[in-house]
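What follows is the residue order along each chain.
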Number of protein chains: 2
Amino acid sequence: MSMMLAEIRQQPDVLERTLRLELRGVEKLKKKLTAQRPRYIVLAARGTSDNAAQFGRYLLEISTGIPVSLAAPSIFTLYGASVDFRDALVVAISQSGESTDTNLVLERAREQGALTVGITNEAKSSLARMADHTFLVRAGREKSVAATKTYTGQMMMLYLLAYALGGAIRLDDLRRIPSWAADALQLEKEIGALAGRYRFMDHTVVVGRGLNYSNAFEFALKLMETCYVVAERFSSADFLHGPIAIVERSFPVFLFAPGGVTWPSMRPMLEKLHQAGAETLVLTDRSNPEARALGRHICVPARLASKGPLPEEVFTPIPYIIPAQLFAAALAHEKGLNPDQPRMLSKVTRTL
Amino acid sequence: MSMMLAEIRQQPDVLERTLRLELRGVEKLKKKLTAQRPRYIVLAARGTSDNAAQFGRYLLEISTGIPVSLAAPSIFTLYGASVDFRDALVVAISQSGESTDTNLVLERAREQGALTVGITNEAKSSLARMADHTFLVRAGREKSVAATKTYTGQMMMLYLLAYALGGAIRLDDLRRIPSWAADALQLEKEIGALAGRYRFMDHTVVVGRGLNYSNAFEFALKLMETCYVVAERFSSADFLHGPIAIVERSFPVFLFAPGGVTWPSMRPMLEKLHQAGAETLVLTDRSNPEARALGRHICVPARLASKGPLPEEVFTPIPYIIPAQLFAAALAHEKGLNPDQPRMLSKVTRTL
């Protein structure tokens, strides 16, 4: 068994531990942020952590109403620009805490007056030392080059950050995420059987929208890193603005399609793809019978049923990425590749 | 000849006209913004206009030090969130001015207290009526579905917006951009001859960095729309964080590689690609002899030589996208495709 698959299976524990052990620090930060509400938020990250940041960008803006942006590190590292960060909250996310450019954004932000938060898996990292507030993803060491458990752990921390910012997040919903993750892991066998069909797939598109847009990036990244598939990723809106022209008969497309607010924009996309003869695989759940009627699908077994003020769809990203991770691990196995050691990659990537 | 190619050739005139006719309105806005400096900037757009916005994101943050973000329209259109836009400048960019979701972001931003700017090619559009300040890209009607002249026209307007915000932009440099565009058009014949080599290319990666990151998106979009090539796009830093694993022998990669601040991060990327046996085509210019020594390249003939406070590389994006547009038009011709009417696309795309 690959380390990647072993680490995918650890996610319910990682999520439960991160929530339990970080809540105290989160409550402390919540008090500080209530007294001193940031005017805007900047998220800085690379790779899988940047995909988690993309999720955070939607979650934080939707749940708090504070404008959020994703940092473009080269503005600081290459152009040496100085940006006005008064009243800003700047959050750096990095598994290793040693990402050179992410750390440099945090350092510049501190100099320019921002309050800084670090989210990392390594308690002794440069990032953990540098940030005003550090939160740990309690994933244990991540050995596979393909990150899985730190991605969902980072997402859990971003839910907690939304809570700390006074966002409409109920802790009761967060406490149920580990069991939803466990439910999603039950799909392992079904997905293993499905992967054979994609043995010779060499390119694809992954489509997501809103809170699951980041999952489209993350699934595509896993397919690129571990299966060497040329995997594009789009929101359904962006895909319609040009790139959809690449779709011909049998073109494989994966879609994240929970029920709720994003489905009315995904349904016409799916219908258009079928008209073009594309082969689609839809990730959905029991709450969306329409999606399940539209061809090949994976039904994520999580029973969300949140009673909070936000739509239930807000809690789908963690249970929805798990079948995608399982799929990438299974497809790498089918293709005879080792997902723990992709060619040309190492675990810590330093760039400026 | 395709309308796309005809419109590519019009760009020096479009750029000169946009600069000349919009400068007065820009000076007026400059006075207003000097008295009332925005706290942050949000850019909203889709498709090619969103690629121009990506350029604007870097340009405005580098030249003004005001934080900039790219809007995620679904936060407003699907999640109905309300975001605090006091003291914000919100800029909507749309060729037609009829992009439903971009316009809705602008409407919500106005309600929440933002100052709004519209950049469009259509004086009578909904966007032109709705924005507090409207600037026109003077491109004349754009008939080809594949946008070219409106992309560079929008970029010119974003330079002017940086100037209006007190950014370190000299009008003298902007006045020379039309002639740099004319110089770049001289490459048409050379690129036409080169395109045959790529007749059977069905996938690729385009790499850019900093100010030319948006050009990587735009070149890839043209290759997808007009040549049906599965074209990924990355910054050199993001490419190293995982996706580079897809590169095998003969994998085609296009790189925007001007001299200056981004080159030290592009050079090791290019060397790594050569070690993996990839086939690279580098877009560069006379100021970067190192890039020209590293294999197949297109030498953009613009003589930038700015005397302003910003690095010259800041003015490369317009002359650098023109050979890429010419390449896409020539490759579509080689493949027997009509770039003016890609399958499944129409000129105005309405999405929510």
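Definitions and cut-offs
- Residues numbered from 1 in each chain as written.
- Chains lettered and ligands numbered in written order.
- Predicted model: local features only at pLDDT ≥ 70, side-chain atom pairs only at ≥ 80, totals over all residues.
- Heavy atoms only, no water.
- Helix = DSSP H or I, 4+ residues; strand = E, 2+ residues; numbered from the N terminus.
- Rg over C-alpha atoms; globule rule 2.2 N^0.38 Å.
- Buried < 20%, exposed > 50% of the residue type's maximum accessible area, 1.4 Å probe, protein only.
- Contact = heavy atoms within 4.5 Å.
- Areas by Shrake-Rupley, 256 points an atom, 1.4 Å probe, with all protein chains shown as cover.
- Lys, Arg positive; Asp, Glu negative; His and termini not counted.
- Charge placed at Lys NZ, Arg CZ, Asp CG, Glu CD.
- Patch = residues over 30% accessible without salt bridge, like charges linked within 9 Å, V, L, I, M, F, W, Y side chains within 5 Å.
- Salt bridge = Lys/Arg side-chain N within 4 Å of Asp/Glu carboxyl O.
- Phe/Tyr/Trp six-rings, centres within 6.5 Å; stacked < 30°, edge-to-face > 60°.
- Lys NZ or Arg CZ within 6 Å of the ring centre and 35° of its normal.
- Axes fitted to C-alpha atoms, helices over the stretch in contact; angles between N-to-C directions.
- Parallel < 35°, antiparallel > 145°, perpendicular 65-115°, else oblique.
- Nonpolar A, V, L, I, M, F, W, Y, C, P; charged D, E, K, R; others polar.
- pLDDT = per-residue confidence, 0-100.
- Pairing = 2+ DSSP bridges.
- Polar contact = N/O pair within 3.5 Å; in protein donor to acceptor, adjacent residues only side chain to side chain.

(A) Focus on the overall build of chain A. Assigned secondary structure in chain A consists of 14 helices and ten strands. Taken against the 2.2 N^0.38 rule, which gives 20 Å for 352 residues, the C-alpha radius of gyration of chain A at 19 Å falls within 12% of a compact globule. Counting only C-alpha atoms, chain A reaches 55 × 45 × 40 Å along its principal axes. By the burial criterion, 68% of the 352 residues in chain A qualify as buried. Counting contacts in chain A only where the partners sit at least 6 residues apart, residues at least 24 apart contribute 76% of the total. Accessible surface for chain A amounts to roughly 11,700 Å². Of this, 48% is attributable to carbon and sulfur atoms. Taken together, the 42 basic and 35 acidic charged side chains of chain A have centroids lying 3 Å from each other.

(B) Representation of a negative patch on the surface. Taken together, the side chains of D202(A), E248(A), D202(B) and E248(B) define an acidic patch exposed on the protein surface. Along the chain, D202(A) falls in the loop between α9 (188-195) and β6 (203-208). Taking the relative accessible area as the measure of exposure, D202(A) reaches 47% and is therefore partly exposed.

(C) Representation of the packing of aromatic side chains. Residue and element names in this part refer to chain B. Here the structure, examined in full by the defined rule, presents 27 aromatic pairs over all chains. Centroid distance Y159 to F315: 5.6 Å. Interplanar angle 15 degrees. Geometry classified as stacked. Residue Y159 is located in helix α7 (residues 149-164), and its partner F315 is located in the loop between β10 (297-300) and α14 (317-334); the two are separated by 156 residues in the primary sequence. Each member of the pair, Y159 as well as F315, is classed as buried. Relative to F217, the ring of Y213 has its centre 5.0 Å away and its plane inclined at 85 degrees; by these criteria the two rings are edge-to-face. Here Y213 and its partner F217 are both found in helix α10 (residues 213-227), four residues apart, which amounts to about one turn of the helix. Residue class for Y213 comes out buried when judged on its relative accessible area of 12%. A cation sits over an aromatic face here: R57 above Y58, 6.0 Å from the ring centre. Directly above the ring of F200 sits R199, whose terminal nitrogen or CZ lies 4.8 Å from the centroid.

(D) A look at the packing of α7(B) against α14(B). All names here are of chain B. Between α7 and α14, the least distance of the axes is 10 Å, while the angle of their chain directions is 175 degrees. What the angle tells us is that α7 and α14 run roughly antiparallel. On the side of α7, the interface is formed by Y151, T152, M155, M156 and Y159, while α14 contributes P317, I318, I321 and Q325. The residue inventory of the contact of α7 with α14, partitioned by class, reads seven nonpolar, two polar and no charged.

(E) Representation of the confidence of the model for chain A in the model. Averaged over every residue, the pLDDT of chain A is 95; the share at 70 or more is 99%. For this predicted complex, the interface confidence reaches an ipTM of 0.96, while the overall pTM sits at 0.97.

(F) Just the pairing of strand β4 (residues 115-120) of chain A, in detail. All names here are of chain A. Taking burial as the measure, the six residues of β4 include six buried ones, the bulk of the element. Judged by which residues are buried, β4 turns out to be covered on both faces: L115, V117 and I119 on one side and T116, G118 and T120 on the other are all buried. Direction of pairing for strand β3 (residues 88-94) relative to β4: parallel, over a ladder of six bridges. Bridging across to β4, V91 finds its partner in V117. Alignment of β4 against strand β5 (residues 133-136), held across four bridges, turns out to be parallel. Bridge pairing in β5 places V117 opposite H133.

(G) Seen up close, the environment of S287(B). Residues and elements named next belong to chain B. Its place among the elements puts S287 in the loop between β9 (279-285) and α13 (289-292). Spatially, the C-alpha atom of S287 lies 38 Å from that of G97, the residues being 190 residues apart in sequence. A distance of 2.6 Å separates a polar atom in the side chain of S287 from a polar atom in the side chain of D285.

(H) Summary view of the pattern of salt bridges. Residue and element names in this part refer to chain A. Across all of its chains, the model carries 42 salt bridges over all chains by this definition. For the salt bridge of D173 with R176, the shortest nitrogen-to-oxygen distance reads 3.4 Å. With a gap of three residues between them, D173 and R176 both fall in helix α8 (residues 171-185), about one helical turn apart. Given the relative accessible area of 1%, D173 is considered buried. Note on R176: relative accessible area 30%, which makes it partly exposed.

(I) Inspection of the environment of L29(B) at higher detail. Topologically, L29(B) is positioned in helix α2 (residues 11-35). When residues no more than four places from it in sequence are discounted, the contact partners of L29(B) are V117(B), H133(B), F135(B), L161(B) and A164(B).

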